[in-house]
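Residue-level structural notes
What follows is the residue order along each chain.
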Number of protein chains: 2
Amino acid sequence: MANRRIRPERAYEPKGIDDLDLRILTELQTDARAGLAELGRRVGLSAPAVADRVRRLEETGVITGYRAEVDPRALGFPVTVMVRIRPAIRELQRIAEIAEEVPQIVECHRMTGDDCFFFVMHLRTVAELEPILDLFTPYGHTTTSLIHTSPVPRRPLPLG
Amino acid sequence: MANRRIRPERAYEPKGIDDLDLRILTELQTDARAGLAELGRRVGLSAPAVADRVRRLEETGVITGYRAEVDPRALGFPVTVMVRIRPAIRELQRIAEIAEEVPQIVECHRMTGDDCFFFVMHLRTVAELEPILDLFTPYGHTTTSLIHTSPVPRRPLPLG
DNA sequence: TATGAAAGCCTTGGGCT
DNA sequence: AGCCCAAGGCTTTCATA
């Protein structure tokens, strides 16, 4: 496969993070359950040294959490949907609040453009879609797309 | 906050997964580094019993991975972009291939609607945007939005 | 950052319900 | 099957340099 990596001038170099940190983060991004001793082996550090660095990365907000990723289909959520919303009136905050309150919505983002928000949700049936969309229609116009496949499933940030 | 949970008939009940599994998955979705003994304490099982269940959930594809989540801004990627693509010609496969080859793209999905794909990427500068979009323009029309905030940051599937 | 000791954890095997 | 218990070997942690 071709390599389409584009390397810009680095306009924004993170402070206080060195190559060893980046290697630890690369490991943890794909194998969050690796032990500290194991991480130390992979990057060439002792376990206590790795423990210190991981703790610092957590405390400074570089690492925001550790999550097991699950297959929604295997858990009874075969329908994945992406919804964009173009607010009809000045009710942007309301839209964010409703998204927060619907547990099927696993992420919601505010963005530039005509469509101010988009969110992704996992549903047990398509019948769930209508009542959820109806929560938003008072505040804007929705555009709904069913997600079929993921040519690039969620993957780590390219560090180092 | 109001509870907008909508409970449909469960058209699709996952087989071979019981409440204990769901509780383990709930824990791992927010705390993937929790030890087996700790997990056992939380769900009322011994460590070996938890180990068996976690191994089974991994082997059956329910758990697809464990990832540390990082803050792109803290790592020198202050620009997050969502791009939709409406293919101009029958080059759907080509678009998926290019997305795969651009490391800044952390996820890409195929969906229904006029815009067949959307992807999300993290950039070091806005200057990176143009050359990446130019990789796709031969194959379709792109719509680009900068993501400002995330009213609902990535959160677990609501299990149980 | 590495070392060494103590505490706690993971794994394995065996036996129970 | 699925779970618990117990023992050996590792890991993690904390003190110290």
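Residues numbered from 1 in each chain as written. Chains lettered and ligands numbered in written order. Predicted model: local features only at pLDDT ≥ 70, side-chain atom pairs only at ≥ 80, totals over all residues. Heavy atoms only, no water.

As recorded by an unreviewed UniProt entry, chain A carries the name Lrp/AsnC family transcriptional regulator and is attributed to Streptosporangium longisporum.

**Digging into the side chain of Arg53 of chain A**
All names here are of chain A. Within the secondary structure layout, Arg53 lies in helix α3 (residues 47-59). Residue classification places Arg53 among the buried residues on the basis of a relative accessible area of 17%. Not counting the four nearest positions on each side in its chain, Arg53 is found in contact with Asp18, Leu20, Asp21, Ile24 and Leu45. (Helix = DSSP H or I, 4+ residues; strand = E, 2+ residues; numbered from the N terminus. Buried < 20%, exposed > 50% of the residue type's maximum accessible area, 1.4 Å probe, protein only. Contact = heavy atoms within 4.5 Å.)

**Considerations on the interface of chain A and chain B**
Note: interface size is frequently given as the accessible area lost on complex formation between the parts. Each partner contributes residues to the interface: chain A has 85 residues there, and chain B has 85 residues. Our count for the chain A to chain B interface comes out at 8 salt bridges. A salt bridge links Arg67 of chain B to Glu69 of chain A; the nearest nitrogen and oxygen atoms lie 3.7 Å apart. At the surface where chain A touches chain B, the tally comes to 44 residue pairs in polar contact (both at pLDDT 80 or more). Mapped by element, the contributors of at least two residues to the side of chain A that touches chain B are α1 (19-30), β1 (63-70), β2 (79-87), α4 (92-101), β3 (105-111), β4 (117-123), α5 (129-136) and β5 (140-152) of chain A. Residues belonging to the side of chain A that touches chain B are distributed by class as follows: 48 nonpolar, 16 polar and 21 charged. Pairing of β5 of chain A with strand β3 (residues 105-111) of chain B involves 3 bridges; the strand directions are antiparallel. In the sheet register, Val152 of chain A faces β3 of chain B, and the bridge partner there is Cys108 of chain B. (Salt bridge = Lys/Arg side-chain N within 4 Å of Asp/Glu carboxyl O. Polar contact = N/O pair within 3.5 Å; in protein donor to acceptor, adjacent residues only side chain to side chain. Nonpolar A, V, L, I, M, F, W, Y, C, P; charged D, E, K, R; others polar. Pairing = 2+ DSSP bridges.)

**Quick word on the protein's contact with DNA strand C**
All residues adjacent to DNA strand C are Ser46, Pro48, Ala49 and Arg53 of chain A together with Gly35, Leu36, Ala37, Arg41 and Pro48 of chain B. Of all atoms in DNA strand C that approach within 4 Å of the protein, 79% are sugar or phosphate atoms. Note that a phosphate oxygen of DNA strand C is positioned 2.7 Å from one of the backbone N or O atoms of Ala37 of chain B. When residues of the surface near DNA strand C are traced back to their parent elements, those giving at least two are α3 of chain A together with α2 (36-43) of chain B. Looking at the surface near DNA strand C residue by residue, the classes come out as 5 nonpolar, 2 polar and 2 charged. (Near = heavy atom within 4 Å.)

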